[in-house]
Amino acid sequence: TKRFPTKMPAFRQVGEKQLPNPVLCMAWSPKRDLIALANTAGELLLHRLANFQRVWSLPPNENTGKEITALAWRPDGKILAFSLGDTKLVVLCDAEKAEILHLFPLENPVSCMHWMEVLEESSVLNSFYTSEDESNLFLPKLPTLPKSYSTTSKIFSEEKSDEILNLLGEVRLNILVLGGGSGFVELYAYGMYKIATLPGVPGTCSSLCLSSDLKSLSIITEIRSADNDPEICYIQLDTGLLSDCLPEVTRMARKFTHISTLLQYLRLSLTCMCEAWEDILMQMDLRLTKFVQVSGHCLGPELQALLMNQLTVKGLKKLGQSIETSYSSIQKLVISHLQSGSEALLYHLSEVKGMSLWKQKFQPLGLDSAAIEDAITAVGSFTLKANELLQVIDKSMKNFKAFFRWLYVAMLRMSEEHVPPELNKMTQKDIAFVADFLSEHFSENEELFDRKGKYFNVERVGQYLKDEDEDLVSPPNTKGNQWLKFLQESTHLKESPLLFPSYSQKSLHFVKRMMEGVIELCLQKPAEVIGKSVKQAVCLPLYTVSENTPRTIFLLHVCFSSDCVYSCQDARFYDDETLTVVLRASEEENRGRVLAQLPLGSALSCEEEFTVGICYVLDQQSGAIPVKGLVLENQWRDLENMKAQFVAVNGIRKVACVLSSNLRHVRVYEMDVEDEEDEERPESQNASSDQDGLEETPAIRGEAEGGETEGGGQRAKEQLESGEALELS
């Protein structure tokens, strides 16, 4: 046994908690002393290091799902990603506000994820990093979505546009790697754009890691067969194309991520417009349905009583103002949001088209100029449809104002009140507006009826916002349009690729969905090409899982100098040179579990060489693996009153969180701080035996749970004074 006298500080316990629901996943923030937890109730929790105080909780949502299967932080610590097994979704959450910013569906449930950042440096990349925001010189800043119209699904909250655009994060490339069953592995640049789909990975992924230079992807999989027990294998994939074309990959991925965020922005803008329209429809149905039912059969005392007693002059004026405000909101959203977002989409797609024409650089990545041209055309069609809607809104507002002015004057006369002279004048044009409004909204023609049996289905604006495949009930009248007549008569311009098709019979929602589909096809090609370039470099069987074999096996045996043998329950890389392990004594020994730091530098300096035989399972070759003796000195501590099973660490922040075998009991430690001696432990520290005394603190989302207490962090147990050292062999 070789002894290494290097001394590291002891671990200081700063928090402990008994949680009401078992914990499934743990992940430390890479930038702050925050840890994210996912439990069996489908909640996502964020806790501080000090006293394990809860910052917020995000309860399960019927629109997202309840079965959280994996967690990962974006390298800058601002976004937290989590996957849901029951809905096959990946969700990106704002770590500051506990708000869902983006989600996307997958074909398979995710079992593991890893979010890495590229650390490679080059002059080409550095110049791109500094010039990437030049689009801000040509494009206006997208306006914030209005507070008054937040999405009804409750997935997204108010004022989301800034947060959505912040999804882009830093320019330096980062990639979210997802793994699941049936060989499912996908890579998402900046956590949003699918940059690669990797075929041919056997089994179900249990862990994966993409190297910071993008040269290789390491995967641990469980391969099942009908005849044999499951086999755990290590697979290494060669991702050389990503590494070789790193500057081009970064530029392409950044542009496509811009496009993905803009599509999300347009979706939310259109949702706001639909809600404004629903408000108009609800008010018209509520106040005017009775009016049209009575006026259609009787123009006498019954109609007069309805107008004067139920609608009233004051109520009519208020209704008119409210509906006019909703119309104006839709109009402003089209001008400031849809048009601005469409212009930004055209800008970024045009830049991507330029990349695709530089075939020497970007053709190996699968950029298809024809598919990008189709996407540009689809965005142009969406812009035309938005402009068409603006014209319809303008006409509808004129008809609406004329009708309410006419009805307001009629009610003033019935009530024998004074009619202002400016309201008493009705031109022939005003009468035509009133007639148009009545024919649009109060027709009893079955063909124009809403499916719910209401009278106001054919409002010209509303038909554009219906998410249906049917043609418009009342399409715009193009009779007499000189431009369209000129196009029809021109054989050269009729089918010209320079002109965007208008789809005059379709709704705005339909054209939007068509645009999304074309852009999705444009984005898919590089993911397929890059995925096919990935080749398997190594496949090493590690061990076979039987009924008596634990799911996690580490080739590590630990002995006290007093011959107490320990086995490894869990292990995590603390940093490049240190492994954090949870150790368990054999059942015959009367000892608890141990948290220890294992220095890898001296262990890896072994002079003996070991060649892995790929024809044999690794655990069958354990006898040939060189043995190295180490002494841990004070790089360990007993975990009293706790059946520790799992550990999560962050070597940058120098913190660790230990989870018990019942998945409810957690302890957090500062790893490189001297423990304080002879200090009394607060009563709340004994979380393992009593959780009735835990205090409740409010959370930003959901009901408070847990027992956070305010003030300083909890002190750890007295520092171990035993002179015994842990020997590893």
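Here the structure is a predicted model, which means the values were calculated and not measured. (Residues numbered from 1 in each chain as written. Predicted model: local features only at pLDDT ≥ 70, side-chain atom pairs only at ≥ 80, totals over all residues. Heavy atoms only, no water.)

Of regular secondary structure, the protein chain possesses 15 helices and 27 strands. When the 729 residues of the protein chain are sorted by exposure, 51% land in the buried category. Of the contacts made within the protein chain by residues no fewer than 6 positions apart, 67% connect residues no fewer than 24 positions apart. Accessible surface, the protein chain: about 35,000 Å² in total, of which carbon and sulfur atoms supply 49%. (Helix = DSSP H or I, 4+ residues; strand = E, 2+ residues; numbered from the N terminus. Buried < 20%, exposed > 50% of the residue type's maximum accessible area, 1.4 Å probe, protein only. Contact = heavy atoms within 4.5 Å. Areas by Shrake-Rupley, 256 points an atom, 1.4 Å probe, with all protein chains shown as cover.)

Put simply, side chains in a regular strand alternate between the two faces of the sheet. Of all seven residues that make up strand β9 (residues 99-105), five are buried, and the element is covered over most of its length. Bridge count between strand β8 (residues 89-94) and β9: six bridges; the pairing is antiparallel. Bridging from a neighbouring strand, aspartate 94 pairs with glutamate 99 of β9. Linking β8 to β9, which pair antiparallel, is a turn of four residues; within it alanine 98 sits at a positive phi near 55°. (Pairing = 2+ DSSP bridges.)

Bringing the pairing of strand β7 (residues 79-84) into the picture now. Of all six residues that make up β7, six are buried, and the element is covered over most of its length. With burial as the criterion, each face of β7 is covered, one bearing Ile79, Ala81 and Ser83 and the other bearing Leu80, Phe82 and Leu84. By the bridge criterion, five bridges tie strand β6 (residues 68-73) to β7 in an arrangement that is antiparallel. Bridge pairing in β7 places tryptophan 73 opposite leucine 80. Counting the residues in the hairpin turn of β6 and β7 gives five residues, including glycine 77, whose phi is positive at 75°.

Turning to the pattern of salt bridges, a few remarks are in order. According to the stated counting rule, one finds 16 salt bridges in the structure shown. When the shortest N-O distance is used, the salt bridge between lysine 353 and glutamate 373 registers 2.4 Å. Placement of the pair is lysine 353 in helix α7 (residues 313-357) and glutamate 373 in helix α9 (residues 369-414), with a sequence separation of 20 residues. Here aspartate 570 ties to arginine 572 by a salt bridge, and the two come within 2.9 Å at their closest N and O atoms. (Salt bridge = Lys/Arg side-chain N within 4 Å of Asp/Glu carboxyl O.)

Whether parallel or antiparallel, the strands of a sheet pair through hydrogen bonds between backbone atoms. Read from one edge to the other, the open sheet built from four strands follows the order β14-β15-β16-β17, with strand pairing classed as antiparallel. Each edge of the open sheet carries a strand with a single partner, namely β14 (204-210) and β17 (535-544). Neighbour to neighbour, the strand axes of the sheet diverge by 15° on average, direction disregarded. Here β14 runs beside strand β15 (residues 216-223); their pairing, made up of six bridges, is antiparallel. Across the sheet, cysteine 209 pairs through a bridge with serine 218, a residue of β15. (Axes fitted to C-alpha atoms, helices over the stretch in contact; angles between N-to-C directions.)

In a packed pair of helices, the relevant descriptors are the angle between the two axes and the axis-to-axis distance. It is at 9 Å that the axes of α9 and helix α14 (residues 508-533) come closest, and there the two elements cross at 165°. If you check the angle between α9 and α14, you find them roughly antiparallel. Read as a crossing pair, α9 and α14 show a hand that is left-handed. Counted together, Ala371, Ile372, Asp374, Ala375, Ala378, Val379, Ser381, Phe382, Lys385, Ala386 and Leu389 of α9 and Leu508, Val511, Lys512, Met515, Val518, Ile519 and Cys522 of α14 form the full contact between these two elements. Tallied by class, the residues present in the contact of α9 with α14 amount to 14 nonpolar, one polar and three charged. (Parallel < 35°, antiparallel > 145°, perpendicular 65-115°, else oblique. Left-handed = near helix turned anticlockwise from the far one by under 90°. Nonpolar A, V, L, I, M, F, W, Y, C, P; charged D, E, K, R; others polar.)

The phi dihedral of leucine 214 is positive, around 65°, even though this residue is not glycine. Looking at the element boundaries, leucine 214 is found in the loop between β14 and β15. Residue classification places leucine 214 among the buried residues on the basis of a relative accessible area of 0%. If you check the backbone angles, tyrosine 503 has positive phi at about 50° while not being a glycine. Within the secondary structure layout, tyrosine 503 lies in the loop between α13 (482-489) and α14.

Counted under the stated rule, the structure contains five aromatic pairs. If you follow arginine 254 out to its NZ or CZ, it ends over the ring of tyrosine 190, 4.9 Å from the centre. Over the ring of phenylalanine 510 we find lysine 506, and its NZ or CZ is 4.7 Å from the ring centre. (Phe/Tyr/Trp six-rings, centres within 6.5 Å; stacked < 30°, edge-to-face > 60°. Lys NZ or Arg CZ within 6 Å of the ring centre and 35° of its normal.)

We now examine a nonpolar patch on the surface. Among the surface-exposed residues, Trp483, Leu484, Phe486, Leu498 and Leu499 lie close enough to one another that they form a single nonpolar patch of about 510 Å² accessible area. Among the secondary structure elements, leucine 498 is positioned in the loop between α13 and α14. (Patch = residues over 30% accessible without salt bridge, like charges linked within 9 Å, V, L, I, M, F, W, Y side chains within 5 Å.)

Below, the discussion takes up the side chain of glutamate 248. Checked against the element boundaries, glutamate 248 lands in helix α5 (residues 246-295). Not counting chain neighbours up to four residues away, the residues in contact with glutamate 248 comprise Lys361, Phe362 and Leu365.

Take the nonpolar core next. Membership of the largest hydrophobic core comes to 100 residues, with the highest contact counts inside it found for Leu173, Leu187, Ile195, Met273 and Ile519. Per element, the largest residue contribution to this core is 21 residues, and it comes from α9. Beyond its immediate sequence surroundings of up to four residues, methionine 273 is in contact with Ile330, Leu333, Val334, Leu338, Leu389, Leu465 and Leu508. The next biggest cluster of nonpolar side chains, apart from the first, holds 22 residues, and it includes Ala27, Ile68, Phe82 and Ile100. (Core = buried A, V, L, I, M, F, W, Y, C linked by side-chain atoms within 4.5 Å.)

The subject of this paragraph is the sheet that holds strand β1 (residues 12-18). Spatial strand order, β1-β26-β25-β24: four strands in an open sheet with antiparallel pairing. Pairing within the sheet leaves two strands with one partner each, and these edge strands are β1 and β24 (644-650). Ignoring which end each strand starts from, the neighbouring axes of this sheet average 20° apart. Here β24 runs beside strand β25 (residues 655-660); their pairing, made up of six bridges, is antiparallel. Across the sheet, the residue bridging to valine 647 is valine 658, located in β25.

So, about the environment of leucine 600. Checked against the element boundaries, leucine 600 lands in helix α15 (residues 600-603). Setting aside residues no more than four positions away along its own chain, leucine 600 makes contact with Phe573, Asp576, Glu577, Thr578 and Leu579.

Looking now at the confidence of the model for the protein chain. When pLDDT is averaged along the protein chain, the result is 77; 73% of the residues meet or exceed 70. Within the model, pLDDT remains below 50 along residues 1-9, and this stretch shows 27 contacts once partners closer than five positions in the same chain are excluded. For residues 445-458, every residue scores under 50 in pLDDT, and the model assigns this stretch 31 contacts once sequence neighbours within four places are set aside. (pLDDT = per-residue confidence, 0-100.)

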